[in-house]
Amino acid sequence: MTPNVSGKAYDLFGFGIAAVDDLIEVPRFPHAGTKVEILGRRRQGGGLCATALVAAARLGVKCMYGGFLGCNELSDFTRTVLRNEGIDFLEEVPYPDAEPFHSVILVDHATGERTILYSREKVVAPWARDIRADLIKNSRALFVDHFAPDGTVQACKIARRFGIPVVADIENANEAGVREVIALADHLIVPIRLAIELTGANDIESVVFALSQQRACTAVTDGARGCWYIEGGKDVRVKHQPAFTVEVVDTTGCGDVFHGAYAAALLSGSAIPAAIRFAGAAAAIKATQPGGQQGIPDRATVEMFLRDQ
Ligand SMILES: Nc1ncnc2c1ncn2[C@@H]1O[C@H](COP(=O)(O)OP(=O)(O)O)[C@@H](O)[C@H]1O
Ligand SMILES: [Mg+2]
């Protein structure tokens, strides 16, 4: 990581989803109306934004989480996850009832398949007026996802006004305002499913091209097939970064880690192709361990992995 010579408090300000995942291991997926013994339960941190920040933090980036947490057990769990990674969060609690997203994930031992039940009943979606311009201005980059587009659009506008690059992960474009977030992103990285839904194109090159606009980078990820991307303003050729071959244990959070590692590489001055390659390596290493955050590597591990390729 290049030292932060900007005088800013943070390298990366993250605004978006934090989640608490309760993994429940069962011998087989239950049939309706039957009893099944639980073999194990674990609580883990998750969520697009929080996981991207954990990845960036392990790679040496000073991060701030700008979402709202409240006064309750789930919020405290999320604070502990962030604190353990050296990530700052808002000290004030304007919405005491606010909770992170909460998922119960049934892990079927027979097949390894995961079934996710989630709730967002108590998640507080910040409004434009809630956005802390002072903190965004004091950061070198902004990370956003599709959560709370009203507040997110405002955050992106502030960042752009101050020349702060916006890195965006969008998995769902149903809510009004998400398309404006997409338009404001300087570095848009989305999974293929959403890219197809947004563009209606069907071959990968047309999909990336249709999404690209004049932004610094538009990338579409497709799991074990890797990532296709365009560098805006440089050339209009779609490039492909294949995924790295690893012994895959669990791909939960690969996309989130990819985003956090991409941001970390950008912040240390990497050119876009190198940042995409670095992100692919970090995501592949993560996939070799169970859970969304446990296997996220540090910078030395990613660099060694890349040297060995
Ligand atoms: N099975 C895998 N093996 C190696 N790398 C992977 C694998 N799955 C995902 N990745 C890496 O993570 C990136 C994002 O994964 P993807 O599944 O497309 O996103 P999401 O998790 O958001 O759905 C991929 O482009 C690839 O670099
Ligand atoms: Mg994703």
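Residues numbered from 1 in each chain as written. Chains lettered and ligands numbered in written order. Predicted model: local features only at pLDDT ≥ 70, side-chain atom pairs only at ≥ 80, totals over all residues.

### What to know about the sheet that holds strand β6 (residues 101–108)
Here comes step 1: Taken in spatial order, the four strands line up as β3-β2-β6-β7 in an open sheet, and their pairing is mixed. Among the strands making up the open sheet, the edge pair consists of β3 (40–46) and β7 (114–119). Neighbour-to-neighbour, the strand axes of this sheet turn through a mean angle of 20°, independent of strand direction.
Here comes step 2: Sheet topology places strand β2 (residues 19–26) next to β6; eight bridges connect them, and they run parallel. Bridge pairing in β6 places V26 opposite D108. (Pairing = 2+ DSSP bridges. Helix = DSSP H or I, 4+ residues; strand = E, 2+ residues; numbered from the N terminus. Axes fitted to C-alpha atoms, helices over the stretch in contact; angles between N-to-C directions.)

### Observations concerning the pairing of strand β11 (residues 217–221)
Here comes step 1: Most of β11 is tucked away: five of the five residues are buried.
Here comes step 2: Residues C217, A219 and T221 of β11 are buried on one face, and the alternating residues T218 and V220, pointing to the opposite face, are buried as well.
Here comes step 3: Where strand β10 (residues 187–191) lies against β11, five bridges are found, and the strand directions are parallel. Bridge pairing in β11 links P191 to T221.
Here comes step 4: Bridge count between β11 and strand β12 (residues 227–231): five bridges; the pairing is antiparallel. (Buried ≥ 20, exposed ≤ 12 C-beta atoms within 10 Å, placed from the backbone.)

### Focus on the sheet that holds β12
Here comes step 1: Overall, mixed pairing links the nine strands, which are arranged β5-β4-β1-β8-β9-β10-β11-β12-β13 in an open sheet. Looking at the sheet topology across the chains shown, the edges are occupied by β5 (88–89) and β13 (239–241).
Here comes step 2: With three bridges connecting them, strand β1 (residues 10–15) and strand β4 (residues 63–65) associate as parallel partners. Note on β4: the bridge partner recorded for G14 is Y65.

### Details of the environment of V93
Here comes step 1: Within the secondary structure, V93 is located in the loop between β5 and β6.
Here comes step 2: The exposure class of V93 is partly exposed, given the 13 C-beta atoms found within 10 Å.
Here comes step 3: Residues V93 and A281, spaced 188 residues apart in sequence, show a C-alpha to C-alpha distance of 37 Å.
Here comes step 4: With residues up to four places along the chain from it excluded, the contact list for V93 reads G70 and C71. (Contact = placed C-beta atoms within 7 Å.)

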